[in-house]
Amino acid sequence: MGFSASTRQQTIMQLKQTQMDLLIIGGGITGAGVAIQAAASGIKTGLIEMQDFAEGTSSRSTKLVHGGIRYLKTFDVGVVSDTVKERAVVQGIAPHIPRPFPMLMPIYAEPEATYDMFSVKIAMDLYDRLAGVDGTQYANYTIDKKEVLQREPGLKSTNLVGGGVYLDFVNNDARLVIENIKEAAELGALVASRVAAIDVLHDDTGRAIGIKAKDTLTGEIFEIHAKVVINTTGPWVDKLRAVDDKLDHQPMLRPTKGVHLVIDAAKLSVPQPTYFDSGVHDGRMIFVVPREGKTYFGTTDTDFTGDYAHPTVTQADTDYLLAAINNRYPKANVTLADIEASWVGLRPLIAANGSSDYNGGGANAGKVSDASFDHLIQTVNDYEDLLATRTDVEQAISKLKTAHAEDTLKPSQVSRGSNLETEADGMVTLSGGKITDYRKMAAGALALIRQILSDQFGQEVKTIDSKKLQVSGGHFDPTNVEDTLKFYTRIAKDAGMSEADAADLANRFGSNTGRVVTYAEAGAATGLSLKETISLRYSVNEEMTMTPVDYLLRRTNAILFHAESVAQLKQPVIDEMARLLGWDTMTKANMTAELDQAIAESQLTALKEAVTQ
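Okay, so let's go over this structure. Being a predicted model, the structure only gives us computed values, none of them experimental.

## What to know about the overall build of the protein chain
Part 1: Regarding its fold elements, the protein chain presents 20 helices and 20 strands.
Part 2: Each principal axis of the C-alpha atoms in the protein chain carries an extent, and together these give about 75 × 60 × 50 Å.
Part 3: Relative to its 613 residues, the protein chain shows a buried fraction of 59%.
Part 4: Taking all contacts inside the protein chain whose residues are at least 6 apart in sequence as the whole, residues at least 24 apart take part in 71%.
Part 5: For the protein chain, the exposed surface amounts to about 23,800 Å²; the carbon and sulfur share of it is 51%.

If you want it as structure tokens, here you go:
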């Protein structure tokens, strides 16, 4: 089934003419998760996104399905339990996207360090129990200073005392969104990008019954009617609420900005994701992650009040991250000139949480009670003296109590750091959360939507097991990922590609690889490899890819992790898209200018030029 610029026009026509059961505003990971579950439940579902899918926060994360071990610095057991359990669910429903990649945490004897060697082992053991991986190949272990430096010789040795290694997962955030969106559309949802909600419609009683929308490509303004409207706009939640004249406009969110920088692995090579304190005692931790021959690192975590649609990387952001990376890798001497790409995004943090969910604040920000912690320490000491068993230690860990943390979620929360509310006019707002929690957040929202449809409209909706609802490209056994992807690699290789190109396609498209390969029949486009050609043709026809930036930044990560080849890819991609989409000369020129701007922003051209002037 097509999902493209041409089907978009048909979709908009249907959205105008049909009363939806549910209209979702926002096509990031939260809205995508609601859409797939609603469509699978038989709910007549519509979704609009004012930009490209995942163009905001959901393509600008650290690109991990992070287990949240940072929360164990305050023994926020509930947070980590939620996170690692949901991580396993996401791997099951999108098995071609998240991949296990153990994380190294170097431990430094420094003031205000998050962990020492004693506490990191306790934290990792608890983490493994919550994740269900203790006793498996992914179980944690500690290593001494010598082995840490054998793995990463460039790490600062001063005050280094050892390290911990524990399971984490790398992720492709934008691909996770588009695969949810595609599956929702396949299940019957009416989904359109570049359609903005500009007002909320109400009936005579003041109940929200739809929205006034604007097609940002044509300028057309039209109405979409629905029994239930849900706001899943991420950082824009308050901005949509602000156009609803039936609501008070007390802000729900406190957005913060996160920046990541990309350099070539030749400049700084790490064998595995690495996670450490910033070194300046500000409570932040820094990720350093290898990917596709590059190394990226981040993130900052600062309050943001600027243009939500266009956050930018500042000199202060780069100064902070370069100082952090050069402190921990003193021989790397990474400079602004070494940065090949960057990205910046906003986190939709709940204002009431009071501190950043990213660095361990949020729903559970309490510290361990003195009595509980003393009991744990005594039990560990007894174990070392052979006076207690491992079971005694595990029980002491599992019974840790925090002094101020929540024991249970508030009724308005469906995951830690999230918020689900029915507004005064009946519009539903789902805000906050993390990418790891998206499926659980959507399930909580669906339970509420089912109840509203039943109570107010007498409409009964079937329940589904969303833990088994696989996304597009993920329709295969999640316990046999490697062998399955080898099978899809052979399919692509048989179409005439190299082993490396075929593997890249299989890893990107999963069970859709066979469909992608059908686009090889017409041969390669001028200036493009066969792999790039069929990837592009599939994305344009079946992933609603409408601009070169959509393709080179979000459907692929070429702008981020293959900056050296973007210059060669740029014109052939534009030419082939112009052919496929029928662009005239002016449209083609506009698309070229938009792509040039995106590349320049990613490569921090303006900052680099300012330094050289």
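## Remarks on helix α2 (residues 29-40)
Part 1: Taking 1.5 Å per residue as the helical rise, α2 with its 12 residues ought to reach 16 Å, and the 17 Å between its terminal C-alpha atoms agrees with that figure.
Part 2: When you tally the buried positions in α2, you get 12 out of 12 residues, the bulk of the element.
Part 3: Turning to α2, the residues buried within the fold contact β1 (20-25), β2 (45-49), α6 (173-186), β20 (428-432) and α11 (438-457).

## Observations concerning the packing of α2 against α11
Angle between the axes and distance between the axes are the two parameters that describe a pair of packed helices.
Part 1: At their nearest, the axes of α2 and α11 sit 8 Å apart, and the two run at 55 degrees to each other. Taken together, the axes of α2 and α11 lie oblique to each other. For the pair α2 and α11, the crossing hand works out as right-handed. For the pair α2 and α11, the contacting residues are Ile 29, Thr 30, Gly 33, Val 34, Gln 37 and Ala 38 in the first and Tyr 438, Arg 439, Met 441, Ala 442, Ala 443, Ala 445 and Leu 446 in the second.
Part 2: Partitioned by chemical class, the residues of the contact of α2 with α11 number 9 nonpolar, 3 polar and 1 charged.

## Here we look at the packing of aromatic side chains
Part 1: In the structure shown here, the tally under the stated rule is 13 aromatic pairs.
Part 2: Aromatic pair Tyr 296 and Phe 561: ring centres 5.7 Å apart, planes at 40 degrees, arrangement tilted. Placement of Tyr 296 in strand β16 (residues 294-298) and of Phe 561 in helix α17 (residues 558-561) is noted, with a sequence separation of 265 residues between them. Per residue, the accessibility class of Tyr 296 equals that of Phe 561, and both read buried.
Part 3: The ring centre of Phe 222 lies 5.5 Å from the NZ or CZ of Lys 16, which sits over that ring.

## Observations concerning the side chain of Ser 59
Part 1: Looking at the secondary structure, you find Ser 59 in the loop between β2 and β3 (64-65).
Part 2: For Ser 59, a relative accessible area of 9% gives the class buried.
Part 3: Aside from chain neighbours lying at most four places away, what touches Ser 59 is Ala 54, Asp 173, Ala 174 and Arg 554.

## Notes on the sheet that holds strand β8 (residues 169-170)
Part 1: With antiparallel pairing, 3 strands are arranged side by side in an open sheet as β3-β8-β4. Edge strands, defined here as strands with exactly one partner in the open sheet, are β3 and β4 (99-100).
Part 2: Relative to β8, β4 runs antiparallel, the two being bridged by 2 bridges. Paired with Arg 99 across the bridge in β8 is Val 170.

## A closer look at the environment of Ile 178
Part 1: Along the chain, the position of Ile 178 falls in helix α6.
Part 2: Sequence-wise, Ile 178 and Glu 543 are 365 residues apart; in three dimensions their C-alpha atoms are separated by 7.1 Å.
Part 3: Beyond its immediate stretch of four places on either side in the chain, Ile 178 contacts Phe 53, Glu 543 and Arg 555.

## Some details on the pattern of salt bridges
Part 1: Applying the stated criterion across every chain, the model contains 40 salt bridges.
Part 2: One salt bridge connects Asp 215 with Arg 8, and the closest N-O pair in it is separated by 2.7 Å. Taken together, the positions of Asp 215 in strand β11 (residues 208-215) and Arg 8 in helix α1 (residues 5-17) put the pair 207 residues apart, joining distant regions of the chain.
Part 3: What makes Asp 215 buried here is its relative accessible area of 1%.
Part 4: By relative accessible area, which is 0% here, Arg 8 ends up buried.
Part 5: The salt bridge partner of Glu 576 is Arg 579, with a shortest N-O separation of 2.7 Å. With Glu 576 and Arg 579 both in helix α18 (residues 563-581), this residue pair falls 3 residues apart, about one helical turn.
Part 6: Glu 576 gets classed as buried once you look at its relative accessible area, which sits at 6%.
Part 7: Residue Arg 579 is classed as exposed on the basis of its relative accessible area, which comes to 53%.

## Remarks on the nonpolar core
Part 1: Counting 48 residues, the largest nonpolar core has Leu 22, Phe 53 and Ile 181 as its most contacted members.
Part 2: Among the secondary structure elements, those contributing two or more residues to this core are β1, α2, α3 (77-93), α6, β12 (221-231), β20 and α11.
Part 3: Not counting chain neighbours up to four residues away, the residues in contact with Phe 53 comprise Phe 3, Gly 27, Leu 47, Val 177, Ile 178, Ile 181, Val 191, Ala 192, Ser 193, Met 544, Arg 554 and Arg 555.
Part 4: With 35 residues, the next largest nonpolar core counts Val 80, Met 103, Tyr 166 and Val 262 among its residues.

## Overview of unusual backbone geometry
Part 1: Of the consecutive residues Gly 298 and Thr 299, the connecting peptide bond is found in the cis state with omega at 20 degrees.
Part 2: By the secondary structure assignment, Thr 299 is in the loop between β16 and β17 (302-303).
Part 3: The phi dihedral of Asn 159 falls on the positive side, at around 70 degrees, and the residue is not glycine.
Part 4: As for its placement among the helices and strands, Asn 159 is situated in the loop between α5 (145-151) and β7 (160-166).
Part 5: Unlike most non-glycine residues, Arg 194 shows phi in positive territory, near 60 degrees.
Part 6: Inspection of the secondary structure puts Arg 194 in the loop between β9 (190-193) and β10 (195-202).
Part 7: Here Arg 194 falls in the buried class, since its relative accessible area comes to 10%.

## Overview of the environment of Tyr 320
Part 1: As for its placement among the helices and strands, Tyr 320 is situated in helix α8 (residues 315-328).
Part 2: With a relative accessible area of 18%, Tyr 320 lands in the buried category.
Part 3: The spacing of Tyr 320 and Ala 266 is 54 residues in sequence and 22 Å in space, taken between C-alpha atoms.
Part 4: In this structure, Tyr 320 is in contact with Ser 278, Val 280, Asp 282, Arg 284, Ile 286 and Thr 300, ignoring residues within four places of it in sequence.

## Some remarks on the side chain of Thr 489
Part 1: As for its position among the elements, Thr 489 is in helix α12 (residues 481-494).
Part 2: Judged by relative accessible area, which is 7%, Thr 489 ranks as buried.

## Quick look at the packing of α18 against helix α19 (residues 585-602)
Part 1: Where α18 contacts α19, the axes come no closer than 11 Å and their chain directions differ by 150 degrees. Judged on the interaxial angle alone, α19 and α18 are roughly antiparallel. When the axes of α18 and α19 are compared, the crossing they make is right-handed. Counted together, Val 566, Lys 570, Gln 571, Ile 574, Asp 575 and Ala 578 of α18 and Lys 588, Thr 592, Leu 595, Asp 596 and Ile 599 of α19 form the full contact between these two elements.

Reading the values: the criteria
Every residue gets a number counted from 1 within its own chain, in the order that chain's sequence is written. For a predicted model such as this one, the threshold for reporting local features is a pLDDT of at least 70, and the threshold for listing and counting side-chain atom pairs is 80 or more; totals across whole chains, interfaces and linings nevertheless cover every residue. With hydrogens and water set aside, each side-chain value is computed from the structure's full complement of heavy atoms. Per the convention used, a helix needs a DSSP run of H or I reaching at least four residues, while a strand needs a run of E reaching at least two, with both numbered from the N terminus. Buried means the residue's accessible area, taken with a 1.4 Å probe over protein chains only, is under 20% of the maximum for its type, while exposed means over 50%, and partly exposed covers the values in between. Contacts are residue-level and defined by heavy atoms, with any inter-residue pair within 4.5 Å sufficient. Note on areas: these come from Shrake-Rupley sampling with a 1.4 Å probe, and a residue is covered only by the protein chains present in the view. Given the number of residues in a helix, its expected span is that number minus one, multiplied by 1.5 Å. Geometry is summarised by axes, namely lines fitted to C-alpha atoms with helices restricted to the contacting stretch, and by angles between N-to-C directions that run from 0 to 180 degrees. Small angles under 35 degrees read as roughly parallel and large ones over 145 as roughly antiparallel, with 65 to 115 read as roughly perpendicular and the rest as oblique. Here a crossing is taken to be left-handed if its near helix is turned anticlockwise relative to the far helix by less than a right angle, and right-handed if that turn runs clockwise. Side-chain classes follow a simple rule in which Ala, Val, Leu, Ile, Met, Phe, Trp, Tyr, Cys and Pro form the nonpolar group, Asp, Glu, Lys and Arg form the charged group, and the remainder, Gly included, forms the polar group. Here a pair means two rings of Phe, Tyr or Trp (six-membered ring of Trp) with centres within 6.5 Å. Their orientation is stacked below 30 degrees between planes, edge-to-face above 60, and tilted elsewhere. The criterion for a charge sitting over a ring is simple: Lys NZ or Arg CZ within 6 Å of the ring centre, and within 35 degrees of the ring normal. At least two bridges found by DSSP between two strands are what make those strands a pair. Salt-bridge detection follows one rule: a side-chain nitrogen of Lys or Arg within 4 Å of a carboxyl oxygen of Asp or Glu. The set of buried Ala, Val, Leu, Ile, Met, Phe, Trp, Tyr and Cys residues whose side-chain atoms join them within 4.5 Å is what this entry labels a nonpolar core.

By themselves, these figures tell us nothing about what the structure is for.
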